[in-house]
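# Summary of the model geometry
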Amino acid sequence: MKCDLTQEQIASYRRDGILSYKGLLNQDEVAELKAAVLEAISTMGKQKVAGDGAEIVEGESYYDKVFTQRLNLWRINDTVKKFMLNPELGRMLCQLSDQKAYRVWHDQALIKEPFGNPTGWHLDNPYWSFNSHHAVSVWIALDEATPYNGCMCFIPGSQKQAKFDNVDIGENLAALFDIYPSMAETDPVAFPMKPGDCSFHNGLTAHGAGANMTRTRRMAMTCAYMPDGSTFNGQQNILPNDYFKSLNVGDVLNNDDWNPLV
Ligand SMILES: O=C(O)CCC(=O)C(=O)O
Ligand SMILES: [Fe+2]
C-alpha cells in the first residue's frame, strides 16, 4: 500500500472534503484484496452484515439494485482486515483530518452490477451511530471505474454546508438538494479510477454515482472510519442488537472488538 500524502493533498482534502489518490494499491494488492472480498462475500448469501452484526437481508428493492452491498468483511476475512486496518492507512486518515486516531466504523464491498441503478446523492455520516465532522471514508476501485459504469461523483466543499439531516438512497437522485439547495450550486466532480486508485471523502461530503450502463461489474472496497472518542448518538446502523441496546446516548464508541483502532 502506498500511503504518503503531500501538503497540497492534505490542504485540498481539508478544503474540498474529498481527495483523489492514485495507486493506493499496486496490481498484486488489487488481485489479493479482490479475491479476498469475493471469497468473503461468497460465504454470506443474502446477509448484508458479516460477523454477527445487525440482521439485514438483501431483497429486490430499488436500493438492492443500486449495488450489491456487503458490510464488515474485515470481521470474517484476515486479508480484508490486513488492508482495511493497515496502520499506514490509519496514519493517512489522521493527517487528512488532523485527528489523533481513527477506529473502523464499517467496511463495505459495493459492487454496482451490470445495468445497476445510480447511487442517489447522499451524505454518509447521518446513517451512522455517531456524529462527527471528521469521519473519513476510503473508496478503493477494484475494477476500473468510469462515468459509464458509475464512478464516484462528489460536490467539493459540501461538507461545510452539511448538517446531520440526510435522505435515503432512493429513486429520486436529487432528493438531497431539497434539504441542502445550496449544494446544487457547485459543479460535481467525477473521480474515474483505475484498479488500485482510491478516493477519500469526509462523512458529510455529498456524493453519489451514476448508473452502470455496461455489461460488467464495477467493484469497490470501501471503509468508513470514525475519530477515536466519537460518542453514540442513539441511532442503529449495523451494530449487533445486544451491543446497541447496552449503549446510552453519549457513550464513547470504543469497543475494540467492533470498532478497532486502525
Ligand atoms: O459505490 C457507490 O456507488 C457509492 C459509494 C458510497 O456512497 C460510499 O462509499 O459512501
Ligand atoms: Fe456514501
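Here's what I pulled together on the structure shown here.

So, how was this worked out
Residues numbered from 1 in each chain as written. Chains lettered and ligands numbered in written order. Predicted model: local features only at pLDDT ≥ 70, side-chain atom pairs only at ≥ 80, totals over all residues. Helix = DSSP H or I, 4+ residues; strand = E, 2+ residues; numbered from the N terminus. Rg over C-alpha atoms; globule rule 2.2 N^0.38 Å. Buried ≥ 20, exposed ≤ 12 C-beta atoms within 10 Å, placed from the backbone. Contact = placed C-beta atoms within 7 Å. Pairing = 2+ DSSP bridges. Axes fitted to C-alpha atoms, helices over the stretch in contact; angles between N-to-C directions. Core = buried A, V, L, I, M, F, W, Y, C linked by C-beta atoms within 7 Å. Near = placed C-beta within 6 Å. Nonpolar A, V, L, I, M, F, W, Y, C, P; charged D, E, K, R; others polar. Expected span 1.5 Å × (residues − 1). Arc of directions from axis to C-beta.

### Regarding the overall build of the protein chain
Scanning the protein chain for helices and strands turns up six helices and ten strands. Against the globule reference of 18 Å for 262 residues, the protein chain gives a C-alpha radius of gyration of 17 Å, in line with a compact fold. Projected onto the principal axes, the alpha-carbon positions of the protein chain cover approximately 45 × 40 × 40 Å. Counting over 262 residues, the protein chain shows a buried share of 45%. In the protein chain, the share of contacts with a sequence separation of at least 24, taken over all contacts with a separation of at least 6, comes to 81%.

### Topic: the sheet that holds strand β6 (residues 152-154)
Strands sit in the order β4-β9-β6-β7 across an open sheet of four strands; the sheet is antiparallel. Each edge of the sheet is formed by a strand with only one pairing partner; in this case those strands are β4 (119-122) and β7 (189-191). For this sheet, the mean angle separating the axes of adjacent strands, direction not counted, is 25°. Both β6 and strand β9 (residues 207-209) contribute to a ladder of three bridges, which runs antiparallel. Its bridge partner being in β9, C153 is matched across the sheet by G208.

### Some words on the nonpolar core
Grouped together as the largest cluster of nonpolar side chains are 71 residues, with contacts concentrated most on V37, I140, L142, A220 and Y225. Contact partners of Y225, with chain neighbours within four places excluded, come to L93, Y102, R103, V104, W105, A135, V136 and V262.

### Some details on the site of ligand 1
Every residue close to ligand 1 is listed here: F67, L110, K112, T119, D124, S137, W139, G150, H207, A209, A220 and T222. When residues of the shell around ligand 1 are traced back to their parent elements, those giving at least two are β3 (102-112), β5 (136-141), β9 and β10 (218-227). Of the residues that constitute the shell around ligand 1, the class distribution is five nonpolar, five polar and two charged.

### As for the environment of Y21
Of note, Y21 is situated in strand β1 (residues 18-21). When neighbours within four sequence positions are excluded, Y21 is seen to be in contact with D197, C198, S199 and F200.

### Thoughts on the sheet that holds β3
One open sheet accounts for six strands, arranged β1-β8-β5-β10-β3-β2; its pairing is antiparallel. Either end of the sheet is taken by a strand with one partner, and the two such strands are β1 and β2 (68-71). Taking each pair of neighbouring strands and ignoring which way they run, the sheet shows an average axis angle of 20°. Packed on one face of the sheet, helix α2 (residues 27-42) meets β2, β3 and β10 and runs near 85° to β10.

### Digging into α2
Taking 1.5 Å of rise per residue, the 16 residues of α2 would be expected to cover 22 Å, and the 22 Å separating its terminal C-alpha atoms lies within 8% of that figure. Among the residues of α2, V30, L33, A36, V37 and A40 are the ones counted as buried. The buried side chains of α2 occupy one side of the element, clustering within an arc of 140° when seen end-on. Counted as exposed and oriented over 90 degrees from the buried face of α2: Q27, D28, A35 and S42. Buried residues in α2 make contact with α3 (78-84), β3 and β10.

### Focus on the environment of L73
Structurally, the position occupied by L73 is in the loop between β2 and α3. Separated by 108 residues in sequence, L73 and P181 place their C-alpha atoms 36 Å apart. When neighbours within four sequence positions are excluded, L73 is seen to be in contact with V37, A40, A50, V80, D107 and A109.

### Topic: helix α4 (residues 87-97)
All of the buried residues along α4 are L89, G90, M92, L93, L96 and S97. Looking straight down α4, one finds that the buried residues subtend no more than 155° of arc, so they occupy a single side. Across from the buried face of α4, at angles greater than 90 degrees, the exposed residues are P87 and E88.

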